[in-house]
Amino acid sequence: RLGAKLENLKNVNDKILKNAYENQLSVNKIHKCCLSVLDSKNIPELFMKLFDEFPIFLKINSLKIVLEKTFQLDGDIKNIKHASQEELIGFSKFVGLTESRLVILREDLSYEHRFNLGLDSAQDNVESEAILSLNIKNKSLGFIFLEANNKKTFSIDQATDYLEFLSKIISKQIENLS
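Sequence order sets the numbering: in each chain, residues are counted from 1 along the sequence as written. Reporting of local features is limited, given that this is a predicted model, to residues whose pLDDT is at least 70; pairs of side-chain atoms are given and counted only at 80 or more, and all residues count toward the totals for whole chains, interfaces and linings. Based on all heavy atoms of the structure, the side-chain values leave hydrogens and waters out of the count.

A. Representation of the packing of aromatic side chains in the model. Two rings from Phe, Tyr or Trp (for Trp, the six-membered ring) form a pair when their centres sit within 6.5 Å of each other. Planes less than 30 degrees apart are called stacked, planes more than 60 degrees apart edge-to-face, and all others tilted. Inspection of the entire model under this criterion finds three aromatic pairs. Ring centres of Phe 91 and Phe 143 lie 5.0 Å apart, and the angle between their planes is 55°; on these two criteria the pair is classed as tilted. Here the residue Phe 91 occupies a position in helix α3 (residues 85–95), and Phe 143 occupies one in strand β5 (residues 139–148), the gap between them amounting to 52 residues. Only protein chains enter the accessibility calculation, which uses a 1.4 Å probe. A residue is then buried if its area is under 20% of the maximum for its type, exposed if over 50%, and partly exposed in between. The exposure class of Phe 143 is buried, given its relative accessible area of 0%. Consider the rings of Phe 143 and Phe 145, whose centres lie 6.3 Å apart with planes at 70°: the pair is edge-to-face. The same class applies to Phe 143 as to Phe 145, namely buried. Three or more aromatic residues joined by ring pairs make a cluster, and in this case those are Phe 91, Phe 143 and Phe 145. Each helix corresponds to a stretch of at least 4 residues labelled H or I by DSSP, and each strand to a stretch of at least 2 residues labelled E; elements are numbered beginning at the N terminus.

Here it is, written out as structure tokens:
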């Protein structure tokens, strides 16, 4: 009986250590992303870093960005779509993004609002996503879609506090470089 309790205690301890290790890995990934964002000297460089480095740092399959139509970039950067302010607001309401909730994790990607923004999850074989809201001066600038081919990468039962911090860093850097 004492042996069974000891084994149970060992299993609980192993789970705690595993979760602590995974949490530390998440912090490290987000830290690398934040440093990359803050190192950007201009907006095109920032977006190129998002596309080139985030998939590696975060171990995701792809990244897409939807920006408000009036926000123009020098040159045409692949994977950036544009939408009206009304479309952005409608999308925010549909997925549940608010001023205090800057990130949403989704496993069901077969929704019309996503397709209306020019994103096709079926074509890209996307199984889960994290949607990061970009806001400047209390106005929606757009969204970053972190896409994964694994449903567990952005499971709806995961915490979003690190991604929310990243969303705020990106938004502030865009504001600083504008």
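B. Examining unusual backbone geometry more closely. Positive phi values are uncommon outside glycine, yet Lys 59 reaches one of about 55°. Assignment of secondary structure puts Lys 59 in the loop between α2 (43–58) and β1 (62–68).

C. Just the sheet that holds β1, in detail. Whether two strands pair comes down to DSSP finding at least two bridges between them. Taking strand neighbours across the sheet as the criterion, the five strands line up as β2-β1-β5-β4-β3 in an open arrangement whose pairing is mixed. Each edge of the open sheet carries a strand with a single partner, namely β2 (80–83) and β3 (103–106). On average, adjacent strands in this sheet sit at an angle of 20° to one another, irrespective of strand direction. With four bridges joining them, β3 and strand β4 (residues 128–136) adopt antiparallel strand pairing. Within β4, the position partnered with Leu 105 by the bridge is Ala 130. Contacts between residues were defined by any pair of non-hydrogen atoms, one from each residue, lying within 4.5 Å. Each axis is a line fitted through C-alpha atoms, taken for helices only over the stretch in contact, and angles between the N-to-C directions span 0 to 180 degrees. Sitting on the sheet, α2 touches β1, β2 and β5, and the angle it makes with β1 is about 145°. The sheet strands contacting helix α6 (residues 161–177) are β3, β4 and β5, and the helix crosses β4 at an angle near 40°.

D. Representation of the state of the cysteines. Any pair of cysteine sulfurs within 2.5 Å is marked as a disulfide. Taken as a whole and judged by the stated rule, the model has zero disulfides. As a non-bridged cysteine, Cys 33 has Cys 34 as the owner of its nearest cysteine sulfur, 6.9 Å distant. Overall, the relative accessible area of 0% leaves Cys 33 in the buried class. The exposure class of Cys 34 is buried, given its relative accessible area of 7%.

E. Summary view of the side chain of Lys 64. Here Lys 64 shows up in strand β1. For Lys 64, a relative accessible area of 10% translates into the label buried. For this analysis, a polar contact is any N or O atom pair within 3.5 Å, provided that within protein one partner can donate a hydrogen and the other can accept it, and provided that sequence-adjacent residues contribute only side-chain to side-chain pairs. A polar atom in the side chain of Lys 64 sits 2.9 Å from the side chain of Glu 147.

F. Here's a closer look at the confidence of the model for the protein. Values of pLDDT, ranging from 0 to 100, describe the predictor's confidence in every residue of the model. With 81% of its residues at a pLDDT of 70 or more, the protein has an overall mean of 80. Of all the helices and strands in the protein, helix α5 (residues 121–124) carries the lowest mean pLDDT, 62, while β4 carries the highest, 89.

G. Representation of the pattern of salt bridges in the model. Salt bridge, as applied in this entry: a Lys or Arg side-chain nitrogen positioned within 4 Å of an Asp or Glu carboxyl oxygen. This model, assessed by the stated rule, comprises six salt bridges. Here Lys 49 makes a salt bridge to Glu 45, at a shortest N to O gap of 3.6 Å. Here the residue Lys 49 and the residue Glu 45 both occupy positions in helix α2, the gap between them amounting to four residues, near one helical turn. Among the residues examined, Glu 45 registers a relative accessible area of 24% and is labelled partly exposed. Here Lys 172 and Glu 175 are joined by a salt bridge, their closest N and O atoms 3.8 Å apart. Of this pair, Lys 172 and Glu 175 both sit in helix α6, three residues apart, which is roughly one turn of that helix. Residue classification places Lys 172 among the partly exposed positions, given a relative accessible area of 44%. Overall, Glu 175 belongs to the partly exposed group, its relative accessible area being 25%.

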